[in-house]
Amino acid sequence: GSQGEKTMRPFSRLAPLLLLLVLVSPSSPQPQELHEEAGGLQESFLRCVSRLSPDTADPSELVHAPADASYPPLLASTIQNLRFASPQTPGPSLLLTPRTVTEVQASVACCKAHGLTVRARSGGHDYEGLSYRATRPSGGRPFGVIDVAALRTVRVDAARRVARAQPGATLGELYYAVAEGSGGALGFPAGICPTVCVGGHLSGGGFGPMMRKYGLAADNVVDAEVVDAGGKLLNRSAMGEDLFWAIRGGGGGSFGIVVSWTVSLVPVPSVVSAFTVRRLLRRGDEDEEAMLLLLTKWQLVAHALPDDLFVKVAMEPKVDDGGKRRPLVVFKSLFLGNYSGMITQMGIHLPELDIKPSDCREMNWIQSMLYFYGYTNGQPAEVFLDRTLQPKEYYKIKLDYLTSPIPATGLSMLFTKIVEEQGGSIDIDPQGGRMSEIPESDTPYAHRRGYLYNFQYYVKWGGDKNVSYEEKHLGWVRGVHELMTPYVSNRPRAAYINFRDLDLGQNVEGNTSYEEAKVWGRKYFRGNFRRLAMVKAEVDPDQVFWSEQSIPPLVVARRKRKGQRN
């Protein structure tokens, strides 16, 4: 019963206020008297912020309640998945938009004092929207969203090969600052979507096309500052190595709000190379047989290539000239060197793909990140400074890991499935290289040696709000995931916290137990889930930071030392 008591403890002090908050559903029209009571929460919160952050000139610019005109546009500003943009989606009791670290501290402390749990949002790319929405309407735990988009400073020290970035900086802004600040000599190994923010990306790990050479983004974090559940600001030495370990891959929204990341930058050559090769398949003839042989060979070598070379595969449907939907297989590569070196390596390891000089492009590193995102016409690096680059869409994404190659029968099934859904795509990214060398206990990201590829299933669709229409798309992506069960990792079937998936399971409100959460937690973190839960018990036992997939606390009795008295 101790965990249940711990969950309730912060609320017992403010039972009348909690009762009010449970009654207030910010996602639906409220009776006038409830708006007035919600206004009472806001007024009390404003006084709290004024007391804890006296330099905040106008706290009303920081604290937004559902009845405020500012609330809907601010909440919607970085909802990237339109599935969760509906007015019926349960939203926060208060939306907080701090502009300074002190205001972040005040926001956390005042949420705790008012019985609100906390969700932090940087770029809003959480695939299940848990940084800004709940899965249950009124009756669920009342929460505040602390949106740190305004904290977006990036400082580069090229001489020391480090950069310091706040959580609201986008990857595009970080890449631009690193390239400018180092004269193109340095880069950073992280993801290809330029509007994803540093805060969420580094918290969960951070895949990217240089991960085989330098590991995940989180593997290159060397320092951080975090606001804890009590509103205190902690640097690495103050937070201790357990918490520093947990924030580098344990997922956002469980341990605190990281307000500053210091990352180690990596050397990049002045010229890198890339290619994109597309093959449109005709089913049932030698065309398909040749592709099955090519993909079988690719699976054998891509995770074991020299770590300067990254070659991924994607599948998507394409309508041919006759109006028939056919599988399109795309090979995409980054090589940290010139194109002649790339062609030599491909000739040694994957001659079946028959890469020619005309397939290859040379560019600098930052242009290669634009290239991987889809800007292949030499657009200027300033494109990365556009925070609205990524279109908002309705989508669902699932992810698996491969520990052995998919046989030809499985690949043929993928060809069949991909043409069933016009908005569907499949991406297979190789790991290996540095990813296999880092011990699985070094950071919370445990899918290291033996995990050959990550396997992403993606479906997007237009603005039709018809529920059955949405269910059709969700059914496709879940169906492909189910179909791949015999071919992917098992015991556990591994997943990745930055590809958050509520289909795996979720916390029960008011009774978040470690034993129940193991169902999904071990899929994300394997054996590291237990250590994450122990860190949670140390730094946030009352679960101020809570969501449907936040880490639950696990209290482990310490053994007495020999000779220690009772």
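Note that the coordinates shown come from a computational prediction; the quantities given were computed from them, not determined experimentally.

## What about the overall build of the chain?
Inference 1: When its secondary structure is counted, the chain shows 17 helices and 18 strands.
Inference 2: Looking at the chain as a whole, 57% of its 566 residues qualify as buried.
Inference 3: Long-range contacts, defined here as pairs at least 24 residues apart, represent 75% of the contacts in the chain between residues at least 6 apart.
Inference 4: For the chain, the computed accessible surface area is about 23,100 Å², with 51% contributed by carbon and sulfur atoms.

## Let's talk about the sheet that holds strand S4 (residues 143–147)
Inference 1: The strand order S1-S2-S4-S3 describes an open sheet built from four strands, whose pairing is mixed. In this open sheet, the two strands that pair with only one neighbour each are strand S1 (63–64) and strand S3 (117–121).
Inference 2: Judged from the five bridges that link them, S3 and S4 form a sheet pairing that is parallel. By the bridge assignment for S4, threonine 117 is matched with phenylalanine 143.
Inference 3: Packing of helix H5 (residues 101–113) onto the sheet brings it into contact with strand S2 (94–96), S3 and S4, and relative to S4 it is tilted by some 180 degrees.

## A word on the sheet that holds strand S8 (residues 221–227)
Inference 1: A sheet is described by the order of its strands in space; here five strands give the open sequence S5-S6-S10-S8-S9, paired in antiparallel fashion. A single partner strand is all that each edge strand has here, and the edge strands are strand S5 (154–157) and strand S9 (233–234).
Inference 2: Taken together, the two bridges between S8 and S9 define a ladder with antiparallel strand orientation. Bridging from a neighbouring strand, valine 226 pairs with leucine 234 of S9.
Inference 3: Relative to strand S10 (residues 257–264), H5 is tilted by about 135 degrees, and along the sheet it contacts S8, S9 and S10.
Inference 4: Contacts from helix H9 (residues 236–247) reach S8, S9 and S10, with the element oriented near 110 degrees to S8.

## Observations concerning the packing of aromatic side chains
Inference 1: Evaluated as defined, the whole model comprises 23 aromatic pairs.
Inference 2: Ring plane angle 25 degrees and centroid distance 4.1 Å describe the contact between phenylalanine 207 and tyrosine 496, whose orientation is recorded as stacked. Residue phenylalanine 207 is located in the loop between helix H7 (198–204) and helix H8 (211–214), and its partner tyrosine 496 is located in the loop between helix H15 (467–483) and helix H16 (514–525); the two are separated by 289 residues in the primary sequence.
Inference 3: The class for tyrosine 496 is buried, based on a relative accessible area of 2%.
Inference 4: Here tyrosine 395 and tyrosine 458 contribute two aromatic rings whose centre-to-centre distance is 6.1 Å and whose plane-to-plane angle is 15 degrees, an arrangement assigned as stacked.

Reading guide: rules and limits
The residue numbering used here restarts from 1 in each chain and proceeds along that chain's sequence as written. The predicted nature of this model means local features are confined to residues of pLDDT at least 70 and side-chain atom pairs, given and counted, to a pLDDT of 80 or more, with totals for whole chains, interfaces and linings taken over all residues. Derived side-chain values reflect all non-hydrogen atoms in the structure, with water molecules and hydrogen atoms excluded from consideration. Each helix is a run of H or I in the DSSP string that is no shorter than four residues. Each strand is a run of E no shorter than two, and both are numbered from the N terminus. Residue exposure (1.4 Å probe, protein chains only): buried if accessible area is under 20% of the type maximum, exposed if over 50%, otherwise partly exposed. Two residues form a contact once any of their heavy atoms are found within 4.5 Å. Values of accessible area rely on a 1.4 Å probe in the Shrake-Rupley scheme; residue burial ignores everything except the protein chains shown. Only strands that DSSP links by at least two bridges are regarded as paired with each other. All axes are obtained by fitting lines to C-alpha atoms, using only the stretch in contact for helices, and the reported angles, taken between N-to-C directions, cover 0 to 180 degrees. Any Phe, Tyr or Trp ring, taking Trp's six-membered ring, that has another such ring centre within 6.5 Å forms a pair; planes under 30 degrees apart are called stacked, those over 60 apart edge-to-face, and the others tilted.

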